[in-house]
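Inside the fold
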Amino acid sequence: MASVRERGGRWQVRWRGPDGTSGSATCDTRKAAAGIGKRGELGLPVDEPTVLWQPVTRQGEITVRGYAKTWLATKQLVPVSRRNYACVLRAHVLTRFGTRAVASITALDVRTFLRELDDAGASGVVQRQVRAVGSSMWADGLDDAVVTVNPWRGARISATPPREMRILTPGEYRRLLEEIPGEYKLFVRTLAETGARFGEAIALEPGDLRGNVLSISKTMDERGYVKNSTKNRSNRRVAISPELAGELRELQGEPMFASATGTPIRNSDFARKTWRPAARRAGLAGTRIHDLRHSHASWLLNGGADLAVVRDRLGHSNITVTSRYLHTLPGAGDQALAALDSMLHSSLSGRTRHEGPGRGCRRGRIQLRITGPCVVDRFSAASLSSTCSNGEESRGSM
């Protein structure tokens, strides 16, 4: 990797070429120095300043594999993202384009490649990852003057239906919790009662708990690397029950949760050794750990919690994402109809006054005024409507 540093108001760059020879240059700007360093590492001419910003005839000599190595080494990424980028490059981009000149890849090549991935059964997530990495690499190639166009820009992938969410009922959750080994019960309860993502939960430390409020501001990956932000950079404060807070307060380790050997809990290990066997024993095979987060949101919304509050609690960037959890519990529709029926019958059996079409009928509407006591909970600020036998609408406002 080229080394760039400031000396006497100018920028000096040193590099080692593919043949092992070293080189250096001094430029007026850091960007120019970094560009020369990249070209030197690729074995391209660096003696003319214009070579950095103009296409050159020798750019076709750079292979996708050769540029990808230098690009990934100089790209500013957190460790987990660097590993993910390397995996996508190795498994897909380099397998298809590795030996070709980087400047020879066309938009048709990219569209054909993405279509073949789709035909081979690659998931929408994989296709989006491939497109994102390819587009990022070729975009930087424009800045490095190794390509003249980004063939990944505007490339489309086929829409895939979202995976159906698995929402646990409270009874199913209790049954599952009974099968979880004792040393992990509190961890699973924390996931279910906070809606935290797996990486956010294993990154929690004693200092994140203040009273009955958990501060969720970090995430940890499979290898124990802690990133000081969450998925959507939505650092948030989540209120929890006094009982859960009291049990968490007794955990003194940093992080709070660890495996039986004292190391950070790895998602893959936990799922394979603990979660899936417990789910099978509980008769809930196929349930994922992340389904606890889905269930948490559904329980809150079906219990009458405000949509915006649930959005903030889960750290969603868009309230539309949160709205997916409305009426997701089994039987939620039947419960809503039963609640409506109960509300109507209890109101009509109370002190109500129905004025016929000859009295109190305005603009073809029959006014139904409910004067008895009414508990507004699940149907806050809602209007109840029904159709009269003569086609007119009877309405009562709550």
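Preceding this section is the structure that the text describes.
From a predicted model like this one, the values you see are computed outputs, not experimental measurements. (Residues numbered from 1 in each chain as written. Predicted model: local features only at pLDDT ≥ 70, side-chain atom pairs only at ≥ 80, totals over all residues. Heavy atoms only, no water.)

**A short note on the overall build of the protein**
Each helix and strand in the protein was counted, giving 14 helices and 13 strands. Out of the 398 residues belonging to the protein, those deemed buried represent 39%. Within the protein, contacts between residues separated by at least 24 positions form 57% of all contacts whose residues are at least 6 apart in sequence. Here the protein has roughly 22,400 Å² of accessible surface; of this, 50% comes from carbon and sulfur atoms. (Helix = DSSP H or I, 4+ residues; strand = E, 2+ residues; numbered from the N terminus. Buried < 20%, exposed > 50% of the residue type's maximum accessible area, 1.4 Å probe, protein only. Contact = heavy atoms within 4.5 Å. Areas by Shrake-Rupley, 256 points an atom, 1.4 Å probe, with all protein chains shown as cover.)

**Things to note about the packing of aromatic side chains**
Geometrically, a pair of aromatic rings is defined through the distance of the ring centres and the angle of the planes. Counted according to the given criterion, the structure contains 11 aromatic pairs. With a centroid separation of 6.5 Å and 90 degrees between ring planes, the pair formed by Phe97 and Trp152 is classed as edge-to-face. Remark: Trp152 occurs in the loop between helix H5 (124-143) and helix H6 (170-179) and Phe97 occurs in helix H3 (residues 79-97); sequence separation between them is 55 residues. Here the two residues Phe97 and Trp152 agree in accessibility, since each one is buried. (Phe/Tyr/Trp six-rings, centres within 6.5 Å; stacked < 30°, edge-to-face > 60°.)

**Comments concerning H3**
The largest bend in H3 comes to about 45 degrees, at Leu89. Every buried residue of H3 is listed here: Val88, Leu89, Val93, Leu94 and Phe97. (Bend = angle between axes of the 7 residues up to and from the residue.)

**Concerning the nonpolar core**
Within the largest apolar cluster, 38 residues are counted, with the highest numbers of intra-cluster contacts made by Phe187, Leu248 and Phe270. Among the secondary structure elements, those contributing two or more residues to this core are H6, helix H7 (182-194), helix H8 (198-202), strand E5 (213-216), helix H9 (242-249) and helix H10 (267-281). In this structure, Ala122, Val130, Val133 and Val146 belong to the second largest nonpolar core, which totals 28 residues. (Core = buried A, V, L, I, M, F, W, Y, C linked by side-chain atoms within 4.5 Å.)

**Topic: the sheet that holds strand E8 (residues 236-239)**
Read from one edge of the open sheet, 3 strands run E4-E5-E8, paired in antiparallel fashion. Edge positions in the sheet fall to strand E4 (209-210) and E8, since each has one partner strand and no second. (Pairing = 2+ DSSP bridges.)

**Topic: the sheet that holds strand E1 (residues 3-7)**
Strand order in the open sheet formed by 3 strands is E1-E2-E3, with antiparallel pairing between adjacent strands. With partners counted over all chains shown, the strands left at the sheet margins are E1 and strand E3 (22-27), one partner each. Each neighbouring strand pair of the sheet contributes to a mean axis angle of 20 degrees, computed without reference to strand direction. Where helix H1 (residues 30-42) meets the sheet, its contacts fall on E1, strand E2 (10-16) and E3, and the angle it forms with E2 comes to roughly 15 degrees. (Axes fitted to C-alpha atoms, helices over the stretch in contact; angles between N-to-C directions.)

**A word on the packing of helix H2 (residues 64-74) against H3**
Running from N to C, H2 and H3 cross one another at 170 degrees; their axes reach a closest spacing of 11 Å. By the angle between their axes, H2 is roughly antiparallel relative to H3. Of the residues in H3, those in contact with Val64, Arg65, Ala68, Trp71, Leu72 and Ala73 of H2 are Arg82, Tyr85, Ala86, Leu89, Val93, Leu94 and Phe97. The class makeup of the residues in the contact of H2 with H3 is 11 nonpolar, no polar and 2 charged. (Parallel < 35°, antiparallel > 145°, perpendicular 65-115°, else oblique. Nonpolar A, V, L, I, M, F, W, Y, C, P; charged D, E, K, R; others polar.)

**Topic: the pattern of salt bridges**
Scanning the model with the defined rule gives 15 salt bridges in all. The residue Lys75 makes a salt bridge to Asp140 at a minimum N-O spacing of 3.1 Å. Taken as a pair, Lys75 in the loop between H2 and H3 and Asp140 in helix H5 lie far apart in primary sequence, 65 residues in all. The shortest N-O distance in the salt bridge between Arg83 and Asp221 comes to 2.6 Å. Taken together, the residues Arg83 in helix H3 and Asp221 in the loop between strand E6 (219-220) and strand E7 (226-227) connect sequence positions 138 residues apart. (Salt bridge = Lys/Arg side-chain N within 4 Å of Asp/Glu carboxyl O.)

**Some words on the side chain of Ser295**
Secondary-structure assignment places Ser295 in helix H11 (residues 291-302). Of note is the side chain of Ser295, whose polar atom sits 2.9 Å from the backbone nitrogen of Leu168. (Polar contact = N/O pair within 3.5 Å; in protein donor to acceptor, adjacent residues only side chain to side chain.)

**Digging into the pairing of E2**
When E1 meets E2, the two strands line up antiparallel, connected through 5 bridges. What sits directly across from Val4, in E2, is Val13. Between E1 and E2, which pair antiparallel and follow one another directly, the connecting turn spans 2 residues, one of which, Gly8, has a positive phi of 60 degrees. Judged from the 6 bridges that link them, E2 and E3 form a sheet pairing that is antiparallel. Pairing of Gln12 across the sheet is with Thr26, part of E3. Between E2 and E3, which follow one another and run antiparallel, lie 5 residues, and Gly20 among them has a positive phi close to 95 degrees.

**A look at helix H12 (residues 307-314)**
An α-helix turns once per 3.6 residues; consequently, residues spaced three or four apart project the same way. If you check which residues of H12 are buried, you get Val310, Arg313 and Leu314. Projection of H12 onto a plane perpendicular to its axis shows the buried side chains occupying an angular sector of 90 degrees, all on one side. Against the buried residues of H12 lie H7, E8, H11 and helix H13 (319-323). The N-capping residue of H12, defined by a side-chain oxygen 3.0 Å from the backbone nitrogen of Ala308, is Asp306. Looking one or two places after H12, you find Gly315, whose phi comes out positive at around 80 degrees. (Arc of directions from axis to C-beta.)

**A closer look at the packing of H7 against H9**
Two elements in contact, H7 and H9, have axes whose closest approach is 11 Å; the angle formed by their N-to-C orientations is 140 degrees. Overall, the two elements H7 and H9 adopt an arrangement that is oblique. Helix-helix and strand crossings are classified by hand; for H7 and H9 the assignment is left-handed. On the side of H7, the interface is formed by Leu186, Arg189, Thr190 and Glu193, while H9 contributes Leu244, Glu247 and Leu248. A per-class count over the contact of H7 with H9 returns 3 nonpolar, 1 polar and 3 charged. (Left-handed = near helix turned anticlockwise from the far one by under 90°.)

Read these as geometric descriptors, not functional statements.
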